[in-house]
Amino acid sequence: MTYEQLDLKIEDRIAVLTIAREKKLNALDSATIQELHQAFSALDADKEVRVIVLTGQGQKAFVAGADIAEFSSFNQQQGEALSRSGHEKLFAFVENLSTPVIAAINGYALGGGLELALSCHMRMASENAKMGLPEVTLGLIPGYGGTRRLGQIIGKGRTHQMVASGQMISAEKALQWGLVNEVHSQEELISKATELAMIIASNAPIAVSHSIKAINAQYSNSVASFETEIQLFGACFATNDFKEGTSAFLEKRKPDFKGD
Ligand code: DAK
């Protein structure tokens with residue numbers, strides 16, 4: 001299968017899947033989300049593929065978030081509906097895949113981009129990587145599982161800090177907080193991710209896939225918390241702050257939030 005927004009290489013049972021919208025810092029628009037769904041489905045069904053490494057094209061970004069130009073005109077119903085379908089097609093889908101997925105965070109992982117990395121089973125970053133959930137700077141909250149998954153990985157207090165401040169953290173701090181498992185130079189990132197992938201690929205595939213299910217089960221009870229996030233995320237689309245936040249980004253100016 002060929003993809004417009006993705007590059008895919010499979011070698012020695014390891015798939016390296018690259019989000020390829022470098023000019024837009026690999027921002028996730030709906031076409032990319034759809035292709036990622038197709039690619040992950042096909043790779044998970046392929047018995048020759050034991051591990052998937054997910055990364056972004058270029059040296060600047062893993063994924064700089066959901067595509068702001070695309071969702072800036074959405075209303076509450078569209079926001080809620082798209083959040084729900086994104087959960088199903090991509091974020092919960094990747095988390096529950098039988099094939100392990102390693103996120104190789106090669107630069108900015110922001111908003112939906114960090115949420116995608118959080119859905120992967122393991123994360124490695126390059127030294128230049130920066131991670132954050134800047135949704136509140138746009139009048140939104142994280143809408144793809146970030147409020148829940150980030151807390152599971154780095155704890156509640158640090159999650160409040162990252163979400164309420166919208167600030168980015170460095171790869172070094174992400175390592176210290178346990179958000180990523182390893183940090184490597186930009187040049188070495190993919191080879192280090194592939195090295196780990198090869199070790200995993202040499203283990204018993206059914207046991208590895210059962211281990212994903214078993215570990216995920218320890219962190220489930222997801223339905224209620226995801227539903228809360230989806231509804232509150234949708235409610236943000238009904239505010240003037242959301243219109244101001246996204247317009248300000250697209251007009252390249254600072255937002256002036258009024259709290260309505
Ligand atoms: N969306 C669309 N375009 C983006 C983008 C994004 N998230 N991030 C970057 N770009 C585009 C820029 O507009 C610019 O395009 P041109 O002007 O060249 O056409 C190009 O990528 C290069 O970016 P910059 O010129 O800004 O590059 P800099 O090095 O100066 O800055 C940056 C890099 C990462 C600091 C900056 O680009 C930035 O702040 N980007 C936005 C980060 C952000 O706020 N991301 C969104 C987080 S909120 C939804 C579900 C979930 C979400 C939304 C909806 N529904 C279900 C509806 C999630 C929301 C988020 O992810």
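Everything numeric in this text was worked out from a predicted model, so none of it was measured.

Participant: Whenever I open this one, the pattern of salt bridges confuses me. Can you help?
Facilitator: Side chains that carry opposite charge are capable of pairing whenever their charged atoms lie near each other. Applying the stated rule across the entire model yields eight salt bridges. Of the charged contacts in the structure, one is a salt bridge between Arg149 and Glu95, with a shortest N-O distance of 3.0 Å. A residue pair is termed long-range when its members are at least 10 positions apart, and Arg149 in helix H5 (residues 146-154) and Glu95 in helix H3 (residues 76-95) qualify at 54 residues. Arg149 gets classed as buried once you look at its relative accessible area, which sits at 1%. Judged by its relative accessible area of 15%, Glu95 falls in the buried class. Here Asp256 makes a salt bridge to Lys258, at a shortest N to O gap of 2.7 Å. Of the residues examined, Asp256 reaches a relative accessible area of 45% and is grouped as partly exposed. The network of salt bridges with common partners includes Arg21, Asp29 and Asp67.

Participant: Please clarify how the site of the ligand should be interpreted in this entry.
Facilitator: Taken together, 27 residues lie around the ligand, and Lys24, Lys60, Ala64, Ala66 and Gly112 are the ones closest in. Lys24 has a polar side-chain atom sitting 2.6 Å from an oxygen atom of the ligand. Backbone polar atom of Ala64 to a nitrogen atom of the ligand: 2.9 Å apart, as the coordinates give it. Within the complex, the protein chains bury 76% of what would otherwise be the 1,100 Å² of accessible surface of the ligand. In a pocket analysis with a 2 Å cut-off to the grid points, the ligand is assigned to the largest pocket. When contributions to the shell around the ligand are tallied by element, the ones reaching two or more residues are helix H2 (68-71), H3 and strand E6 (108-110). The biggest single contributor to the shell around the ligand is H3, with three residues. Of the residues in the shell around the ligand, the class split is 16 nonpolar, five polar and six charged.

Participant: Is there a simple way to think about helix H8 (residues 189-201) in this case?
Facilitator: Side chains that are three or four residues apart share a direction in an α-helix, a result of its 3.6 residues per turn. Between its first and last C-alpha atoms H8 spans 18 Å; for 13 residues at 1.5 Å apiece the expected length is 18 Å, and the two agree. Turning to H8, its buried residues number three or more, namely Leu189, Ala193, Ala197, Ile200 and Ala201. One face of H8 carries all of its buried residues, which in axial projection span an arc of 100 degrees. Elements in contact with the buried residues of H8: strand E2 (14-19), strand E3 (51-56), strand E5 (101-105), strand E7 (122-126), strand E10 (182-184) and helix H9 (205-218).

Rules used in this analysis
- Residues numbered from 1 in each chain as written.
- Predicted model: local features only at pLDDT ≥ 70, side-chain atom pairs only at ≥ 80, totals over all residues.
- Heavy atoms only, no water.
- Salt bridge = Lys/Arg side-chain N within 4 Å of Asp/Glu carboxyl O.
- Helix = DSSP H or I, 4+ residues; strand = E, 2+ residues; numbered from the N terminus.
- Buried < 20%, exposed > 50% of the residue type's maximum accessible area, 1.4 Å probe, protein only.
- Near = heavy atom within 4 Å.
- Polar contact = N/O pair within 3.5 Å; in protein donor to acceptor, adjacent residues only side chain to side chain.
- Areas by Shrake-Rupley, 256 points an atom, 1.4 Å probe, with all protein chains shown as cover.
- 1 Å grid on protein atoms, 1.4 Å probe; cavity = no way out; pocket = protein on both sides within 12 Å on 5 of 7 lines; lining within 4 Å.
- Sits in = over half its atoms within 2 Å of the grid points.
- Nonpolar A, V, L, I, M, F, W, Y, C, P; charged D, E, K, R; others polar.
- Expected span 1.5 Å × (residues − 1).
- Arc of directions from axis to C-beta.
- Contact = heavy atoms within 4.5 Å.

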